[in-house]
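Letter by letter, the chains look like this.
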Amino acid sequence: MATATLSSKFQISIPKAVREAHHWQPGQEFAFIPKGSGVLLVPVPKLEDLMGIAPNADPDGYRDRNDRY
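Being a predicted model, the structure only gives us computed values, none of them experimental. (Residues numbered from 1 in each chain as written. Predicted model: local features only at pLDDT ≥ 70, side-chain atom pairs only at ≥ 80, totals over all residues. Heavy atoms only, no water.)

Description of unusual backbone geometry
Right, so step 1: Positive phi values are uncommon outside glycine, yet Phe 10 reaches one of about 60°.
Right, so step 2: With respect to the secondary-structure elements, Phe 10 resides in the segment before helix H1 (16–22).
Right, so step 3: On the accessibility criterion, Phe 10 (69% relative accessible area) is exposed. (Helix = DSSP H or I, 4+ residues; strand = E, 2+ residues; numbered from the N terminus. Buried < 20%, exposed > 50% of the residue type's maximum accessible area, 1.4 Å probe, protein only.)

Rendered as structure tokens:
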């Protein structure tokens, strides 16, 4: 298990083995999702990476924000 220490500037360096295993690059954006007493660190996908992800999705019946209560 890889570990990291929070710096005095509240920064964490992701261990090299983890970065390489997930192919993370400098400048990549991440989301922090609270989960119980911890946090999930999830890379935010680029729009072009999502293109074609659901080719057979039916847009009919889609609810937008105006339909919500």
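Things to note about the packing of aromatic side chains
Right, so step 1: Evaluated as defined, the whole model comprises 1 aromatic pair.
Right, so step 2: Taking the centre distance of 4.8 Å and the plane angle of 80° together, the rings of Trp 24 and Phe 30 count as edge-to-face. As far as the burial class goes, Trp 24 and Phe 30 line up, both buried. (Phe/Tyr/Trp six-rings, centres within 6.5 Å; stacked < 30°, edge-to-face > 60°.)

Here we look at a nonpolar patch on the surface
Right, so step 1: A cluster of nonpolar residues, Leu 47, Leu 50, Met 51 and Ile 53, forms a patch on the protein surface that exposes about 470 Å² of accessible area.
Right, so step 2: Looking at where Ile 53 falls in the secondary structure, it is placed in the segment after helix H2 (47–50). (Patch = residues over 30% accessible without salt bridge, like charges linked within 9 Å, V, L, I, M, F, W, Y side chains within 5 Å. Areas by Shrake-Rupley, 256 points an atom, 1.4 Å probe, with all protein chains shown as cover. Salt bridge = Lys/Arg side-chain N within 4 Å of Asp/Glu carboxyl O.)

It is worth stressing that arrangement in space is one thing and function is another; only the former is reported here.
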